[in-house]
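# Fold and geometry: a report
One-letter residues, chain by chain:
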Amino acid sequence: MKKIENPKRSRAVRLATLGSLGIAAVSGTVYVSRMFTDPTSSVTMDVYIASVAALCALCAMFAALSFFAGVDESEDYVFQETHIDKLTGFHTRVAMIGYIAESMAKVLKSGKAQFLIDVDIDRFKQINDQIGFEEGDELIVAAGERLRDFFGEDAKIGRMGAGEFAVILDDEVEDFEGMLDRLVERLMEPYRLKTHHQTVTFSAGVVAMPKDGRDPLQLVRRANLALQRARAEGVGGWTCFESEMGRVADYRHWVESELTDAIDRGDFVLYYQPQLSLKGERIVGYEALIRWQHPQRGIIPPNEFIPVAEESGMILQIGKWALHQGCHDARLLPEDTYVAINLSPVQFSDRNLTETVHQALEESGLPAHRLELEITETAMTMDRVEARKVMASLADMGVQIAIDDFGTGYSNLSYLMDFTFHKLKIDRSFVCRLQEDDTTGAVISTIVGLSRALGAETLAEGVETADQATLLRAAGCDSVQGFHYARPAPLSTFVSANDADARLLPKAVGATYH
């Protein structure tokens, strides 16, 4: 659609209107002047009145033309402002609601299904805060261009939110599931911005018309519910709407409303899972795992509240508390062991991270080498330049760094050469398949070899059987953790209960680190 400027009257029409008014005014002045200075003037009153009336009529005609021309321009301008997104050129949310209604009418008439796809950049708010609004806009435009290239110029694409897009598709797409896989994969390829390469993840939700509803607003909401489910299930996924998702959304809303009170009440506690060296199977460290002890509902698992905390930004408060508490707890554990604490991608992008870590170490008195921070490769590759600086600063402090869930994100082995780390954690998805096929064992051996070449250790998580431990030892893995050795448990399980009570932070410490 062509760009419509702010409505203005045509210059020619405005000049004609002003000219007519000017001629009428000048002629009136000349006539009155001649009446008083030249009584013999041949211009009669009738002629004068007729002339002025004609000029006034001409002026009124041009004024009317100007008015209606302005109305037409205003209509186009209002449509442009309300239906076309200025940044991407896509349809706005208002326009897409209308197009969804039109699509539904066609579906009911023809009987051929159509689909609404909701696609969103994960954690876009945190990314935007990190890289700045200008480059955030650049990222949105680049993602929009990929969508346009993928679906074609004629596709109905709308921008529904900051980094959220919607697409209407008919039922003629071959291999619909394969198409969605390719879409998410294409959108997750690194973006080359003006100052750096940006890696992001996407999630998508799908609804079918009319199966999943007929009301446009309801369809938009259900597509977003499916998107949220896909996001909760992992990186770079898509999900179709299911009826129980409405109940899940209500539960997530309850979780978000309760999180602030949970921080103030001191509901959060840390459980610890030992990490053992495969050389002698002695404990070398403990991974801190957060749990929410709700006063009415009991233990709420992390996978139910961590995604909500990340989206709302409250993960920064929760993560800060966990870091301080973990450092204090570590002083109760044997001096030849460390405590491993997970960093959320939102935490890792926080500009105050190194200061927060330094404060936690200083207040607890824990030597820096006894703290290990686990960072996912997805978080590291979101902004490689900034990530390199942060990891170098942490290493300079003496803090150990482990790359968590290695091999599950958008892997690019070149980034391993750029970052400072001392451990690769092999994801449990590889470990659970060890006894099923030989390929997984070869992959693990390759990761171990790569890690050793880089001067780093390897740790396999999710070890549940003795056979898995044996295979990992044969592959050269350095250390392991999992239910086969110990389940996560409170600190008192591993140290004297009296000492633990004496050295724990106050119960309401969550409010201290807002």
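Residues take numbers from 1 onward in each chain, read along the sequence in its written order. Residues qualify for local features only when their pLDDT is at least 70, as the model is predicted, and side-chain atom pairs are given and counted only at 80 or more; totals for whole chains, interfaces and linings, by contrast, use all residues. The side-chain figures draw on all heavy atoms in the structure; neither hydrogens nor water molecules are used.

With that settled, consider the sheet that holds strand β6 (residues 202–209). Where strands meet in a sheet, backbone hydrogen bonds hold them as pairs that are either parallel or antiparallel. Two strands pair under a simple rule: DSSP has to find at least two bridges between them. Secondary structure elements follow DSSP: runs of H or I of four or more residues count as helices, runs of E of two or more count as strands, with numbering from the N terminus. With respect to topology, five strands assemble into an open sheet ordered β2-β3-β1-β6-β7, the strand pairing being mixed. Of all strands in the sheet, those bounded by a partner on one side alone are β2 (156–159) and β7 (238–240). Recorded for the sheet is a direction-independent mean angle of 20 degrees between the axes of neighbouring strands. Sheet topology note: the strand β1 (residues 114–121)/strand β3 (residues 164–170) ladder contains seven bridges and is antiparallel. Bridge pairing links Asp120 to Glu164 in β3. Between two residues, a contact is recorded if the distance between any of their heavy atoms is within 4.5 Å. Axis lines are fitted through C-alpha atoms, for helices just across the contact stretch, and the angle between N-to-C directions can take any value from 0 to 180 degrees. Contacts from helix α6 (residues 176–187) reach β1, β3, β6 and β7 within the one sheet, and its direction differs from that of β1 by about 20 degrees.

Here the focus is the pairing of strand β12 (residues 371–376). With six of six residues buried, β12 lies mostly within the body of the structure. Summary of the burial criterion: residues with accessible area below 20% of their type's maximum are buried, those above 50% are exposed, and those between are partly exposed, where the area comes from a 1.4 Å probe applied to protein chains only. Where burial is concerned, the two faces of β12 agree: the one with Leu371, Leu373 and Ile375 and the one with Glu372, Glu374 and Thr376 are both buried. In the sheet, strand β11 (residues 338–342) pairs with β12 via four bridges, with the strands oriented parallel. When the bridges of β12 are listed, Ala340 appears paired with Glu372. Examined bridge by bridge, β12 and strand β13 (residues 400–406) share five bridges and lie parallel to one another. Within β13, the residue paired with Ile375 across the bridge is Ile403.

One pair of aromatic rings is described through two measures. These are the centre distance and the angle between the planes. Only Phe, Tyr and Trp rings take part, Trp by its six-membered ring, and two of them pair if their centres are within 6.5 Å. Stacked means planes under 30 degrees apart, edge-to-face means over 60, and tilted covers everything else. One pass over the full model with this rule turns up ten aromatic pairs. Aromatic pair Tyr251 and Trp254: ring centres 5.8 Å apart, planes at 20 degrees, arrangement stacked. Of this pair, Tyr251 and Trp254 both sit in helix α8 (residues 245–265), three residues apart, roughly one helical turn. Judged by centre distance (5.6 Å) and plane angle (85 degrees), the rings of Trp292 and Phe305 are edge-to-face. Taken together, the positions of Trp292 in strand β9 (residues 283–294) and Phe305 in helix α9 (residues 302–312) put the pair 13 residues apart, joining distant regions of the chain. For Phe305, a relative accessible area of 0% gives the class buried. One aromatic cluster in this structure is built from Tyr251, Trp254, Phe268, Trp292, Phe305 and Trp321. The rule for a charge over a ring is simple: NZ of Lys or CZ of Arg within 6 Å of the ring centre, and within 35 degrees of the ring normal. The ring centre of Tyr191 lies 3.7 Å from the NZ or CZ of Arg146, which sits over that ring. The residue whose ring lies beneath Lys156 is Tyr99, and the NZ or CZ to ring-centre distance is 4.9 Å.

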